[in-house]
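Breakdown of the fold
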Amino acid sequence: HTFMLSSTAQSGGLLPWLIQAGLTFRAGPDPDGFQAAIVGIGNDAGDLDSLAASIAIADWQPVGGCGGRPLWVPIAPFPRSDFRLRQDACLLFNHIGFSFDGAGAPEALLHLDDVDAATARRWSDAGGLGLALVDHNACVPGVRSLLGDRVVAIVDHHSDEQKHMAGGGGGGGGGG
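Overview of the structure. (Residues numbered from 1 in each chain as written. Predicted model: local features only at pLDDT ≥ 70, side-chain atom pairs only at ≥ 80, totals over all residues. Heavy atoms only, no water.)

1. Points about the packing of helix H2 (residues 14-27) against helix H3 (residues 48-59)
Formally: Here, axes are lines fitted to C-alpha atoms. For helices the fit covers the stretch in contact, and angles between N-to-C directions go from 0 to 180 degrees. Here a strand is any run of E in DSSP of at least two residues, a helix any run of H or I of at least four, and the numbering for each starts at the N terminus. Oblique is the label for any angle not covered by the other classes, which are roughly parallel (under 35 degrees), roughly antiparallel (over 145) and roughly perpendicular (65 to 115). In what follows, a contact means two residues having at least one pair of non-hydrogen atoms within 4.5 Å.
Remark: H2 packs on H3, axes separated minimally by 12 Å, with the N-to-C direction vectors making an angle of 85°. The angle between H2 and H3 places the two elements in the roughly perpendicular class. The residues of H3 that touch H2, namely those facing Leu14, Trp17 and Leu18, are Ile55, Ala58 and Asp59.

Quick look at the structure:
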């Protein structure tokens, strides 16, 4: 095995990496850079373990925009204005140094309402837009309508709903 540094280790920390990943995703595919993207997204409750897992799965992927590697970006599965309702997440994100916007959400973290359908479509058309589901294993309608339902990874501890069985992947929290 080759040891790969996480994205945050290579970019100088969590905040710079999250900001860059979000800006890159919102800008869309780049002929000289990323042509595909994978969104790490937690369950629709958006509890703290889902948020942390979506950041972690996106962070611990190979870095680069060449050689066919996709951009990995975490997205909170709820509107930006709802972040403040998750007080445990607010406390943690504040404790580790995130700045919050006027809606009470971490500025550096993309939320579902930060993504527009045209950008998602450009990613899909360019090289693919995939989902890495964390802390759940069935793509919910709100996510599906915006980002599609091409599930490429599932990391979960719940009973498998068997909604994403492409490739004959078997049960239990495995791949998509």
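Moving on, there is more to tell.
2. A few points about helix H4 (residues 87-95)
Inclusion rule: Three labels apply to residues, based on accessible area from a 1.4 Å probe with only protein chains included: buried if under 20% of the type maximum, exposed if over 50%, partly exposed otherwise in between. Arc definition: it is the arc formed by the directions from the helix axis to the C-beta atoms.
Residues Ala89, Cys90 and Phe93 constitute the buried set of H4. Across the axial projection of H4, the buried residues extend over an arc of 100°, all falling on one side. Of the exposed residues in H4, the ones pointing more than 90 degrees away from its buried face are Leu91 and His95. Those residues of H4 that are buried are in contact with H3. Phi for Gly97, located one or two positions after H4, is positive at around 100°.

3. So, the nonpolar core
Inclusion rule: We define the nonpolar core as a collection of buried residues of types Ala, Val, Leu, Ile, Met, Phe, Trp, Tyr and Cys that are connected through side-chain atoms lying within 4.5 Å of one another.
Counting residues in hydrophobic clusters, the biggest one holds 44 residues, and the most contacted among them are Phe25, Val39, Phe83 and Leu147. Contacts of Phe25, omitting those with residues within four sequence positions, involve Ala37, Val39, Leu71, Val73, Ile75, Leu110, Val115, Thr119, Trp123 and Leu129.

4. A few points about the pattern of salt bridges
When the charged atoms of two side chains with opposite charge come close together, those side chains can pair. Rules: Any Lys or Arg side-chain nitrogen located within 4 Å of an Asp or Glu carboxyl oxygen qualifies as a salt bridge.
By the definition in use, this model includes two salt bridges. Here Asp101 makes a salt bridge to Arg80, at a shortest N to O gap of 2.7 Å. Within this pair, whereas Asp101 is found in the loop between H4 and strand E3 (110-111), its partner Arg80 is found in the loop between strand E2 (71-76) and H4, the two being separated by 21 residues in sequence. Classification of Arg80 as buried rests on a relative accessible area of 13%. Among the ionic pairs, Arg80 bridges to Asp114, the shortest N-O distance being 2.7 Å. Remark: Asp114 occurs in the loop between E3 and helix H5 (117-126) and Arg80 occurs in the loop between E2 and H4; sequence separation between them is 34 residues. Here the two residues Arg80 and Asp114 agree in accessibility, since each one is buried. Shared partners join several salt bridges into a network, and the residues in it are Arg80, Asp101 and Asp114.

5. Comments concerning the environment of Ala53
Within the secondary structure, Ala53 sits in helix H3. Classification of Ala53 as partly exposed rests on a relative accessible area of 25%. Sequence separation between Ala53 and Gly40 is 13 residues; the distance between their C-alpha atoms is 8.0 Å.

6. A word on the pairing of E2
Short version of the rule: At least two DSSP bridges between two strands are needed for those strands to be called paired.
Extensive coverage of E2 is indicated by the burial of six of its six residues. Of the two faces of E2, the one carrying Leu71, Val73 and Ile75 and the one carrying Trp72, Pro74 and Ala76 are both buried. By the bridge criterion, four bridges tie strand E1 (residues 37-41) to E2 in an arrangement that is parallel. Opposite Ala37, over in E2, you have Leu71 as the bridge partner.

7. Notes on the packing of H2 against H5
Stated precisely, the cut-off is as follows: Three residue categories are used. Nonpolar comprises Ala, Val, Leu, Ile, Met, Phe, Trp, Tyr, Cys and Pro, charged comprises Asp, Glu, Lys and Arg, and polar comprises the others, including Gly.
As a packed pair, H2 and H5 sit with axes 8 Å apart at the nearest point and diverge in direction by 85°. Classified by the angle between their axes, H2 and H5 sit roughly perpendicular to one another. Two secondary-structure elements touch here, H2 through Thr24, Phe25, Arg26 and Ala27 and H5 through Thr119, Arg122 and Trp123. Looking at side-chain class alone, the contact of H2 with H5 contains three nonpolar, two polar and two charged residues.

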